[in-house]
Number of protein chains: 2
Amino acid sequence: MTRTMATIGTKWKPIVIYTIGLKTLRFGEIFARIEIISKKVLTEQLKELVEDEIVAREEFNETPMRVEYTLTEKGIDLLKILNQLTLWNRKYNDPYRKRKPTP
Amino acid sequence: MTRTMATIGTKWKPIVIYTIGLKTLRFGEIFARIEIISKKVLTEQLKELVEDEIVAREEFNETPMRVEYTLTEKGIDLLKILNQLTLWNRKYNDPYRKRKPTP
């Protein structure tokens with residue numbers, strides 16, 4: 001469990017996985033969609049996700065070099081679980097449903 | 001997503017949730033089962049899990065006071081997702097399956 005959570009991390013990786021989703025995106029596209037991430041952090045997170053075989057990186061011999069990122073089968077399986085976490089969160093943490101109703 | 005992951009955290013909460021599982025346990029029982037956690041950290045983590053309504057805390061008027069912890073419905077739903085994460089991890093990160101086989 002500790003190892004699983006360490007692989008996923010908390011802050012950025014789930015967001016990067018969500019952003020790529022079932023699409024194939026270039027670095028700049030991922031960067032533009034996440035908005036509040038720095039290029040340095042996104043580069044690091046993508047590198048680790050590629051190392052963990054959650055994201056596949058493909059280089060194309062063009063000038064400037066084109067690099068595309070896609071979720072692997074392992075990544076898509078993880079995306080499905082992250083989707084369930086989001087549903088879980090929506091179900092129980094609906095901001096419009098007050099935790100303790102005022103009497 | 002960020003909020004979901006912040007609620008779950010990485011290090012201890014999934015372990016505490018797993019340890020309680022479908023059981024009802026006293027603080028000392030959870031503490032003994034996790035082994036490597038400090039009492040201070042376990043106290044904090046349980047407090048946050050109770051605040052987030054993932055764990056229910058019940059006090060019994062005995063001397064010394066008995067306090068029991070059980071997963072709520074929300075907690076059990078989360079436990080199921082954590083179980084899927086463990087299966088995901090086992091499927092893809094089998095330590096006996098080398099990532100890059102030596103030629």
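Just so it is clear, the model here is predicted, and its values are computed rather than measured.

A. Spatial organisation of helix α4 (residues 39-51) of chain A. All names here are of chain A. Over its 13 residues, α4 extends 18 Å from the first C-alpha to the last, a length consistent with the 18 Å expected when each residue adds 1.5 Å. Taken as a whole, α4 has its buried residues at Leu42, Gln45, Leu46 and Leu49. In an axial view of α4, the angular spread of the buried residues amounts to 100°, which keeps them on one side of the axis. Of the exposed residues in α4, those oriented more than 90 degrees away from the buried face are Lys40 and Lys47. On its buried side, α4 packs onto α2 (13-20), α3 (27-34), β2 (55-60) and β3 (66-71). In the segment just after α4, Glu53 is the residue with positive phi, at about 60°.

B. How the structure looks around the environment of Ile76 of chain B. All names here are of chain B. Note that Ile76 resides in helix α5 (residues 73-92). Judged by relative accessible area, Ile76 falls into the partly exposed class, the value being 28%. Separated by 22 residues in sequence, Ile76 and Ile54 have C-alpha atoms that sit 7.9 Å apart. Discounting residues that sit within four places of it in the chain, Ile76 has contacts with Leu22 and Leu71.

C. Structural context of the pairing of strand β3 (residues 66-71) of chain B. Residues and elements named next belong to chain B. The buried fraction of β3 amounts to 5 of the 6 residues, a majority that puts the element mostly inside the structure. With 3 bridges connecting them, strand β1 (residues 24-26) and β3 associate as antiparallel partners. When the bridges of β3 are listed, Leu25 appears paired with Tyr69. Where strand β2 (residues 55-60) lies against β3, 6 bridges are found, and the strand directions are antiparallel. Across the sheet, Val55 pairs through a bridge with Leu71, a residue of β3.

D. Here's a closer look at the confidence of the model for chain A. For chain A, per-residue confidence averages 86 on the pLDDT scale, and residues scoring 70 or more make up 81% of the total. Helix α1 (residues 2-8) of chain A is the least confidently modelled element of chain A, averaging 64 in pLDDT, while strand β1 (residues 24-26) of chain A averages 97, the highest of any element.

E. Seen up close, the packing of α2 of chain A against α3 of chain A. All names here are of chain A. Two elements in contact, α2 and α3, have axes separated by 10 Å at closest approach and are oriented at 115°. Classed by the angle they form, the pair α2 and α3 counts as roughly perpendicular. Handedness of the crossing formed by α2 with α3: right-handed. Taking contact as the criterion, the partners of Ile15, Val16, Thr19 and Ile20 in α2 are, on α3, Ile30, Arg33 and Ile34. A breakdown of the residues in the contact of α2 with α3 according to their chemical character gives 5 nonpolar, 1 polar and 1 charged.

F. Examining unusual backbone geometry more closely. Residue and element names in this part refer to chain A. Cis rather than trans, the peptide bond between Thr63 and Pro64 has omega equal to -5°. The residue Pro64 is located in the loop between β2 and β3 in this model. For Glu53, which is not a glycine, the phi torsion comes out positive at approximately 60°. Note on placement: Glu53 falls in the loop between α4 and β2. Relative accessible area serves as the criterion here: at 32%, Glu53 is assigned to the partly exposed category.

G. Summary view of the sheet that holds β2 of chain A. All names here are of chain A. If you walk across this open sheet you meet the 3 strands as β1-β3-β2, and the pairing is antiparallel. Strands with a single pairing partner mark the edges of an open sheet, and in this sheet they are β1 and β2. The sheet shows a mean angle of 30° between the axes of neighbouring strands, direction not considered. The strands touched by α4 are β2 and β3; relative to β2, the strand with the most contacts, the crossing angle is about 105°.

H. Local environment of the packing of aromatic side chains. Residue and element names in this part refer to chain A. A full pass over the atoms with the stated rule returns 4 aromatic pairs over all chains. Each ring, one from Trp88 and one from Tyr92, has its centre 6.4 Å from the other, and the planes form 55°; the classification is tilted. Of this pair, Trp88 and Tyr92 both sit in helix α5 (residues 73-92), 4 residues apart, roughly one helical turn. Its relative accessible area of 3% is what places Trp88 among the buried residues. Classification of Tyr92 as buried rests on a relative accessible area of 14%. Here the guanidinium or amino end of Arg66 rests over the ring plane of Phe60, the centre of that ring lying 4.1 Å away.

Rules behind the numbers
- Residues numbered from 1 in each chain as written.
- Chains lettered and ligands numbered in written order.
- Predicted model: local features only at pLDDT ≥ 70, side-chain atom pairs only at ≥ 80, totals over all residues.
- Heavy atoms only, no water.
- Helix = DSSP H or I, 4+ residues; strand = E, 2+ residues; numbered from the N terminus.
- Expected span 1.5 Å × (residues − 1).
- Buried < 20%, exposed > 50% of the residue type's maximum accessible area, 1.4 Å probe, protein only.
- Arc of directions from axis to C-beta.
- Contact = heavy atoms within 4.5 Å.
- Pairing = 2+ DSSP bridges.
- pLDDT = per-residue confidence, 0-100.
- Axes fitted to C-alpha atoms, helices over the stretch in contact; angles between N-to-C directions.
- Parallel < 35°, antiparallel > 145°, perpendicular 65-115°, else oblique.
- Left-handed = near helix turned anticlockwise from the far one by under 90°.
- Nonpolar A, V, L, I, M, F, W, Y, C, P; charged D, E, K, R; others polar.
- Phe/Tyr/Trp six-rings, centres within 6.5 Å; stacked < 30°, edge-to-face > 60°.
- Lys NZ or Arg CZ within 6 Å of the ring centre and 35° of its normal.

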